[in-house]
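Remarks on the overall topology
Residues per chain are reported as follows:
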Amino acid sequence: MLFTDEVSLYRQPTQAWLWHWMGRKQPRLTYSHSANTVMRVVGVLDALTGRTVAWDCSSVTAERLARYYGQLGRLYPEARKIYLVMDNWPVHFHPKVTAALLRDPRIEVLPLPTYAPWLNNIEKLWRWIKARITHAHPWSANFNEFKEHVRAELRRTSGSPQLRRYCGLDSLFNQ
């Protein structure tokens, strides 16, 4: 079973509560004078192993999504059946994306109800990335460095027991 979704990550750091010792040296967020460029990430989270596969691009189009989903069968050559859990974003059901998914008869799409992100465990991965990387990050001046940190965090956490617990994957099969 694979959970899939997309996320937008922005060049400028997000603001929220920052914890710091009392005193005069409070943390400061650095903002770039450049536009708030976006990094779009399409991800797949394996429910059994916690392995993540992610592709990043400047925008997610039906053509790109079809190309990414067309690679799923090669990622799991030993699987007899691949259940792909996804939300109801209209691009997921574009004819090009549907055609790419139909090329591999092992893939069965399990659409989630509308406005039910708590049922898609990859949403927790996106929250993890935003909390650890994009919140109050210091790389707004160098967007390529920011993207490398996002990619490195996705590689580092892929399959880790800590991420499995955070995303609730252990509870899916231990009942």
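Preceding block: the structure.
Residues numbered from 1 in each chain as written. Predicted model: local features only at pLDDT ≥ 70, side-chain atom pairs only at ≥ 80, totals over all residues. Heavy atoms only, no water.

**Some remarks on the pattern of salt bridges**
Applying the stated rule across the entire model yields seven salt bridges. Measuring nitrogen to oxygen at the nearest pair gives 3.4 Å for the salt bridge that ties Lys81 to Glu108. You can see Lys81 sitting in the loop between helix H2 (72–75) and strand S4 (82–86) and its partner Glu108 sitting in strand S5 (residues 107–111), a full 27 residues away along the chain. With relative accessibility at 39%, the residue Lys81 sits in the partly exposed group. If you follow the salt bridges from partner to partner, you end up with Asp56, Glu148 and Arg151 in one network. (Salt bridge = Lys/Arg side-chain N within 4 Å of Asp/Glu carboxyl O. Helix = DSSP H or I, 4+ residues; strand = E, 2+ residues; numbered from the N terminus. Buried < 20%, exposed > 50% of the residue type's maximum accessible area, 1.4 Å probe, protein only.)

**Some remarks on the pairing of S4**
Counting buried positions along S4 yields four of five residues, so the element is predominantly enclosed. For strand S1 (residues 2–10) and S4, the ladder comprises two bridges, and the chain directions are parallel. Bridging from a neighbouring strand, Phe3 pairs with Val85 of S4. Of the pairings in the sheet, the one linking S4 to S5 comprises five bridges and is parallel in character. (Pairing = 2+ DSSP bridges.)

**Examining the environment of Arg156**
Residue position: Arg156 is located in helix H5 (residues 143–157). Owing to a relative accessible area of 45%, Arg156 belongs among the partly exposed residues under this scheme. Taking C-alpha positions, Arg156 is 9.8 Å from Thr52, a pair spaced 104 residues apart along the chain. One polar contact links Arg156 to Glu153, side chain to side chain, over a distance of 2.8 Å. (Polar contact = N/O pair within 3.5 Å; in protein donor to acceptor, adjacent residues only side chain to side chain.)

**Focus: helix H3 (residues 95–102)**
Looking only at H3, the buried set comprises Val97, Ala100 and Leu101. Buried residues of H3, seen end-on, are gathered within an arc of 95° and therefore sit on one face of the element. Of the exposed residues in H3, the ones pointing more than 90 degrees away from its buried face are Pro95 and Leu102. Packing partners of the buried residues in H3 comprise helix H1 (62–70), S4 and S5. (Arc of directions from axis to C-beta. Contact = heavy atoms within 4.5 Å.)

**Let's talk about the packing of aromatic side chains**
Following the criterion strictly, the structure yields three aromatic pairs and no others. With 5.0 Å between their ring centres and 70° between their planes, Trp128 and Tyr166 make a pair best called edge-to-face. With Trp128 in helix H4 (residues 122–134) and Tyr166 in helix H6 (residues 161–166), this residue pair connects regions lying 38 residues apart in the sequence. On the basis of relative accessibility, which here comes to 6%, the residue Trp128 falls in the buried class. Given a relative accessible area of 33%, Tyr166 falls into the partly exposed group. The residue whose ring lies beneath Arg51 is Tyr76, and the NZ or CZ to ring-centre distance is 5.4 Å. (Phe/Tyr/Trp six-rings, centres within 6.5 Å; stacked < 30°, edge-to-face > 60°. Lys NZ or Arg CZ within 6 Å of the ring centre and 35° of its normal.)

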